[in-house]
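# A structural walkthrough
In case you want the letters, here they are:
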Amino acid sequence: MELWAIITVGSAFLQNLRSTLQKHLKGLMGTTGATFVRFGFGLPFAFLYLAILHLGLGRPLPAPGLTFAVWAVIGALAQISATFLLVHLFSFRNFAVGTAYSRTEPAQAALLALILFGETIGLGTAAAILVSILGVMLISVARTAFTPLSLVTSVTSRTALIGLASGCFFGVSAIAYRTASLSLAPSLPAPDALVQAGYTLCVVITLQTLSMLAWMTWRDRAELARVRAAWKISALVGFVGATASFGWFTAMTLQQVAVVKALAQVEMLFTFASSVLFFKESINRLEIAGCVLIVFGVLLLVLV
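Quick caveat, the model's predicted, so the values are computed rather than measured.

### Some words on the nonpolar core
Within the largest apolar cluster, 56 residues are counted, with the highest numbers of intra-cluster contacts made by L25, M29, V37, W248, F249 and M252. Broken down by element, the residue count for this core peaks at 9 residues, all from helix α10 (residues 193-219).

### Some thoughts on the side chain of T8
As for its position among the elements, T8 is in helix α1 (residues 3-25). When its relative accessible area of 0% is taken as the criterion, T8 is described as buried. In this structure, T8 is in contact with W248, A251, V260, L263 and A264, ignoring residues within four places of it in sequence.

### Some remarks on helix α2 (residues 31-40)
Across the 10 residues of α2, 10 count as buried, placing the element largely inside the fold. Taken together, the buried positions of α2 are T31, T32, G33, A34, T35, F36, V37, R38, F39 and G40. On the buried face of α2, the contacting elements are α1, α3 (43-56), α4 (66-89), α10, α11 (221-229) and α12 (231-254).

### Some remarks on the UniProt feature "transmembrane region" (unreviewed entry) in the protein
Under the present numbering, the feature "transmembrane region" (unreviewed entry) in UniProt falls on residues 35-56, 68-90, 110-139, 160-177, 197-218, 230-251, 257-279 and 286-303. Taken end to end, residues 160-177 is 100% helix and 0% strand, and its first and last C-alpha atoms sit 26 Å apart. The distance from the first to the last C-alpha atom of residues 197-218 is 32 Å, and the span holds 100% helix and 0% strand.

Rules of the game
- Residues numbered from 1 in each chain as written.
- Predicted model: local features only at pLDDT ≥ 70, side-chain atom pairs only at ≥ 80, totals over all residues.
- Heavy atoms only, no water.
- Core = buried A, V, L, I, M, F, W, Y, C linked by side-chain atoms within 4.5 Å.
- Buried < 20%, exposed > 50% of the residue type's maximum accessible area, 1.4 Å probe, protein only.
- Helix = DSSP H or I, 4+ residues; strand = E, 2+ residues; numbered from the N terminus.
- Contact = heavy atoms within 4.5 Å.
- UniProt positions renumbered as here; feature names shortened; annotations may be inferred.

Next up, the structure:
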C-alpha cells in the first residue's frame, strides 16, 4: 500500500474518533463551541508538528505567495462551515447516518473541480455521483413512510440539505488545501509533502481559531465559558483533530483529492462501529443500504 493510502486510512480513523468526541461535547456546549474546539485546541498541536519538522529535523520552511494566501483563506472558511453543519446535523439524526450525509464530499469535489478548474468528467464519474445522491435520498426517507415519491423529494428535506451543504463545503476546503499546499513547492529546495502540509495546516488553523474566537467573543461569550469548562475533552478533540488534519493535508499533497476522499470512505466502517458500540444507536436496513450506496458511489471514482 502506498504512503498516501496508509496516511489516509489512519486519518479516517482519527477523524471518526474526533467526530465521536465532538458528539459528546454537544451535551456540554452548543454547536459553535463544539466546532471551535476542533480548531482552537488543535492549534498548539499543529505548530508542534511543524516545529518538529523545522527545528527538530532541519527541514526548511516555504515562502508563501498570493496563491497560497487566497486558497488558504477559502479552505479555512469552508471547513468551518462544513464542520459547523456536520456537528449541527448530529442533533437531527443518529451518529452514523449524520456522518453519511457529509460523505458525498468526493462526488461533490469532482463537480467542484469541473466548475473551478475545468476538469472534465466521464460517464463513470457521473454515475458515481448519481449513486451517491441516491444513497443520501435513501437515508432521508429511511425512518418515514417509504414511497417512490418520497425517495425523489427527500433530497429537499432539511437534513438532506444540511448534509449536502456540509459535504459541499468539505469538498471546497479539500480542493483549496491541496491547491494551497502545492503552491508552496516552488519555494522549497525540493518538494516536501510533510512540510507543505504542516505549514498549510498551521496557517489555516490559525485563521480558523481567530475568526471563531472573534465571533464568539462578539456574539456568544457564554459559549466560551462552556468551552473552558470542558477543556480536558476539548484538548483531546484538538489533538486528534490536528493529527487527522496533518494526515489529510499530507495525503492530499501526495495524491488527488477525489482519490484520497474516495479511500477515506473507510471511515464509514469506523462510524458504524462507534454508532453501535458507543452510542447504542440502531440503524435500519434502508439507512444501511443508503450508506452502502454512498460508499460504493465514491469508490467508483477510483475506477473511472
